[in-house]
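# Fold and geometry: a report
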Amino acid sequence: MEQINMEKFGAFVAVLRKEKGLTQKELGELLFVTDKTVSKWERGLSLPSVSLLLPLSEVLGVTVTELLRGERTQTESLSVAEVEQLLTQSLALSSGDPEQRRRQRRTWVKAYALCLIVSVLEIFGLRAAGCSWEHMSSSVFLVVLMMLIFAGWFCFAAPDTLPAYYDQNRISYYTDGIFRIHMAGMRFNNRNWPHIVRVCRRCCLGTAVLFPAVYFLFELAGLNRQFLPSLGLTLTGSLGIIAPIYMTGKKYE
């Protein structure tokens, strides 16, 4: 069965890049990564994420299978099992060093803790400024609590990769216990999942911190006492992450 040789892969990428007349920086700009990332690929230190394999192969003018094998295979076809094993290995190798993933996870845990503290302090600040608990319970409390719950799942429990059947089928939802994401017209797979997780972490934590401040501005303007503006602000805060998820998912789908 085929095995991915990272050094062979890197050397193949370097050859193809030079054939296209591209520098590492130029290739990186086409793929929205740094030249240091491209350098690591070419030195056999890492593999691109699954989401980058197709655009990288298109830029270099080869198929994904040829890219993973590190050679052109015009006259040779691979079996389904060989292709599947190549992709499985690519997913495992491109996920990076386990220690690096743990460090990234710890970074997000710290970010979550910081945003939790800031949002709680903001709520007490709103109360000190004269906002009533009763009125805040149906708006700022609701949004902040919802965003912190979602952010908590994405920071603490979201998997790094999806099961293989997500790549083999058109699945528009993800379920984990009581947690469920459903995006009609968009499929979840291992190409867009890392990007979706990242944007959800940022959006949820950002909303939890920024919403109390926006709420306070509405309060100063007297708009929170009016039903429609107050409802619109709450709905925007609650549902505002849907658009970024959809746009990110479609972009990397």
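Starting afresh in each chain, residues are numbered from 1 along the sequence in its written order. Where totals are concerned, whole chains, interfaces and linings use all residues; where local detail is concerned, this predicted model gives features only for residues with pLDDT of at least 70, and gives and counts side-chain atom pairs only at 80 or more. Where side-chain values are given, they derive from all heavy atoms of the structure, hydrogens and water being excluded.

Three labels apply to residues, based on accessible area from a 1.4 Å probe with only protein chains included: buried if under 20% of the type maximum, exposed if over 50%, partly exposed otherwise in between. Numbering of helices and strands runs from the N terminus; a helix is a DSSP stretch of H or I covering at least four residues, while a strand is a stretch of E covering at least two. Among all positions in helix H13 (residues 242–252), only Ile 245, Thr 248 and Gly 249 are buried. Projected onto a plane normal to the axis of H13, the buried residues spread over an arc of 100° and lie on a single side. Turned more than 90 degrees from where H13 packs its buried face, Met 247 and Lys 251 sit exposed. The secondary structure elements touched by the buried residues of H13 are helix H11 (193–221). Throughout, the arc means that of the directions going from the helix axis to the C-beta atoms. Note on contacts: a residue pair qualifies if any of its non-hydrogen atoms lie within 4.5 Å across the two residues.

Here we come to the pairing of strand S1 (residues 173–176). Where S1 lies against strand S2 (residues 179–182), 4 bridges are found, and the strand directions are antiparallel. The partner of Tyr 174 across the bridge, within S2, is Ile 181. By this definition, two strands are paired if DSSP reports at least two bridges between them. Linking two consecutive strands that pair antiparallel, namely S1 and S2, is a turn of 2 residues; a positive phi of about 65° is found at Gly 177 within it.

We now examine the state of the cysteines. Two cysteines form a disulfide when their sulfur atoms are joined by a covalent bond. Throughout, disulfides are identified as pairs of cysteine sulfur atoms within 2.5 Å of each other. This model, assessed by the stated rule, comprises 0 disulfides. Looking at Cys 203, it has no disulfide partner, and the nearest cysteine sulfur is the one in Cys 200, 6.8 Å off.

Turning our eyes to something else, we now look at the packing of H11 against H13. Axis definition: a line fitted to C-alpha atoms, over the contacting stretch in the case of helices. Angles run 0 to 180 degrees between N-to-C directions. Contact geometry for H11 and H13: axes closest at 9 Å, N-to-C directions at 160°. On the basis of the axis angle, H11 is roughly antiparallel to H13. Note on packing geometry: the crossing formed by H11 with H13 is right-handed. Between H11 and H13, the residues in contact are His 195, Ile 196, Val 199, Cys 200 and Cys 203 and Pro 244, Ile 245, Thr 248, Gly 249 and Tyr 252, respectively. Residues of the contact of H11 with H13, tallied by class, amount to 7 nonpolar, 3 polar and no charged. Any angle that is under 35 degrees is reported as roughly parallel, and any over 145 degrees as roughly antiparallel; angles of 65 to 115 degrees are reported as roughly perpendicular and all others as oblique. A clockwise turn of the near helix away from the far one marks a right-handed crossing, whereas an anticlockwise turn of less than a right angle marks a left-handed crossing. The classification used treats Ala, Val, Leu, Ile, Met, Phe, Trp, Tyr, Cys and Pro as nonpolar, Asp, Glu, Lys and Arg as charged, and all other residues, Gly among them, as polar.

Now for the packing of aromatic side chains. Two rings from Phe, Tyr or Trp (for Trp, the six-membered ring) form a pair when their centres sit within 6.5 Å of each other. Planes less than 30 degrees apart are called stacked, planes more than 60 degrees apart edge-to-face, and all others tilted. Taken as a whole and judged by the stated rule, the model has 11 aromatic pairs. With a centroid separation of 6.0 Å and 50° between ring planes, the pair formed by Trp 153 and Tyr 174 is classed as tilted. Placement of the pair is Trp 153 in helix H9 (residues 140–156) and Tyr 174 in strand S1, with a sequence separation of 21 residues. On the basis of relative accessibility, which here comes to 8%, the residue Tyr 174 falls in the buried class. When the ring centre of Tyr 173 is taken as reference, the NZ or CZ atom of Arg 180 above it lies at 4.7 Å. By definition, being over a ring means that NZ of Lys or CZ of Arg is both within 6 Å of the ring centre and within 35 degrees of the ring normal.

Remember that the coordinates give geometry; whether it matters functionally is a separate question.
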